[in-house]
Amino acid sequence: MLDVVVKLVTIRSRGLTHRQFRDFLQFVQSEYSDVLYYTKVRWVSAGCVFERVGQLKDEIVSFFHEKQCSAECEMLEDTERLSDFGFFTDLLCHMNNLNVKMQGKNQFIDDIWAHPKAFKPKLNLFAGQLAKNDLSHFLRLNSIPSVNEEKLKNYKDGLKKLHFEFERRFQDFSAIQTELDIFTMPFNVDCEAVRSDLQLELIEL
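Residues numbered from 1 in each chain as written. Predicted model: local features only at pLDDT ≥ 70, side-chain atom pairs only at ≥ 80, totals over all residues. Heavy atoms only, no water.

Visitor: Mind showing me how you'd approach the packing of helix α5 (residues 79-102) against helix α8 (residues 149-169) here?
Guide: The packing of two helices is summarised by the inter-axis angle and the distance between the axes. Where α5 contacts α8, the two axes come as close as 11 Å, and the packing angle between them is 25°. When the interaxial angle is binned, α5 and α8 end up roughly parallel. Note on packing geometry: the crossing formed by α5 with α8 is right-handed. In this structure, α5 uses Glu-80, Ser-83, Asp-84, Phe-87, Leu-91, Met-95 and Leu-98 to contact α8, whose residues at the interface are Lys-151, Tyr-155, Leu-159, Leu-162 and Phe-166. (Axes fitted to C-alpha atoms, helices over the stretch in contact; angles between N-to-C directions. Helix = DSSP H or I, 4+ residues; strand = E, 2+ residues; numbered from the N terminus. Parallel < 35°, antiparallel > 145°, perpendicular 65-115°, else oblique. Left-handed = near helix turned anticlockwise from the far one by under 90°. Contact = heavy atoms within 4.5 Å.)

Visitor: Would you mind going over the nonpolar core with me for this structure?
Guide: Nonpolar side chains in soluble globular proteins tend to be buried together. Counting residues in each nonpolar core, the largest one holds 35 residues, and the members touching the most others are Phe-87, Leu-123, Leu-130, Leu-141 and Leu-159. Those elements that provide at least two residues to this core are α3 (46-55), α4 (57-66), α5, α6 (109-131) and α8. Counting residues domain by domain, this core receives three or more from each of domain 1 (1-77) and domain 2 (103-204). Discounting chain neighbours no more than four positions away, the residues touching Leu-141 are Ser-83, Gly-86, Phe-87, Asp-90, Leu-130, Leu-135, Val-147, Leu-152 and Tyr-155. (Core = buried A, V, L, I, M, F, W, Y, C linked by side-chain atoms within 4.5 Å. Buried < 20%, exposed > 50% of the residue type's maximum accessible area, 1.4 Å probe, protein only. Domains from an automatic or database assignment.)

Visitor: I'm lost on the packing of aromatic side chains in this one. Help?
Guide: The geometry of an aromatic ring pair comes down to the distance between the two centres and the angle between the two planes. Here the structure, examined in full by the defined rule, presents 10 aromatic pairs. Between the aromatic rings of Phe-119 and Phe-166, the centroid separation amounts to 5.3 Å while the plane-to-plane angle is 40°, which identifies the pairing as tilted. Note that Phe-119 is positioned in helix α6 and Phe-166 in helix α8, a separation of 47 residues in sequence. Between Phe-126 and Phe-138, the aromatic rings sit 5.3 Å apart at their centres with planes inclined by 80°, giving edge-to-face as the arrangement. Here Phe-138 lies in the loop between α6 and α7 (139-142) and Phe-126 lies in helix α6, a separation of 12 residues in the sequence. Of the two residues, Phe-126 and Phe-138, both sit in the buried class. (Phe/Tyr/Trp six-rings, centres within 6.5 Å; stacked < 30°, edge-to-face > 60°.)

Visitor: Quick question: what am I supposed to make of the pattern of salt bridges here?
Guide: For side chains of opposite charge, pairing can occur when their charged atoms come near one another. Within this structure, the stated rule accounts for seven salt bridges. The shortest N-O distance in the salt bridge between Asp-157 and Lys-153 comes to 3.1 Å. Of this pair, Asp-157 and Lys-153 both sit in helix α8, four residues apart, roughly one helical turn. Of the residues examined, Asp-157 reaches a relative accessible area of 27% and is grouped as partly exposed. (Salt bridge = Lys/Arg side-chain N within 4 Å of Asp/Glu carboxyl O.)

Visitor: It is not clear to me how the environment of Leu-92 should be interpreted in this structure. Could you clarify?
Guide: Within the secondary structure, Leu-92 is located in helix α5. Overall, Leu-92 belongs to the buried group, its relative accessible area being 19%. Beyond its immediate stretch of four places on either side in the chain, Leu-92 contacts Ala-46, Gly-47 and Phe-50.

Visitor: How should I be thinking about the side chain of Asp-84 in this particular structure?
Guide: Note on placement: Asp-84 falls in helix α5. A distance of 2.6 Å separates polar atoms of two side chains, one belonging to Asp-84 and the other to Tyr-155. Not counting the four nearest positions on each side in its chain, Asp-84 is found in contact with Met-1, Lys-151 and Tyr-155. (Polar contact = N/O pair within 3.5 Å; in protein donor to acceptor, adjacent residues only side chain to side chain.)

Read these as geometric descriptors, not functional statements.
Okay, structure coming up:
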């Protein structure tokens, strides 16, 4: 899916085609003046790229049909693949929001850890909702008519795998949760559970 979308946004890398596309958007009075560019270095911004392609879906399809290059945008006209596109757009936007929060200024390590820690139960929530055909947090997927149950099951399984990856990749932070709690809620920490050189100071708080 990422490869298909990246191929679509290479409109920007072809000088003449890019100018023609921008002129076309201006002619049809589109709300947006261009697609966003994607680079592997900034892959976490892929959600923004997917979102803009979704917002310009009709214009992109019309443009390629006008240029008699309909094969370039087959994915945007295939209902089956559109549901995949909608799901990945929603998921990548959720992850992009997480990335932005983690990059905020003046954050201590416990503040940064709080964001992926809070994101893990969200993934379980999303998976549970998809199992019930509840697309409350997948607005773009919800805009696709008649998403079949098998697709939703695949998306749910994908979210479960992503949750497992978050658990695995952040396990070092989970292991030092008690130490981090000293900074976030020192009054709730059992002094017996922390390092001996910190116990006295914790009691004096």
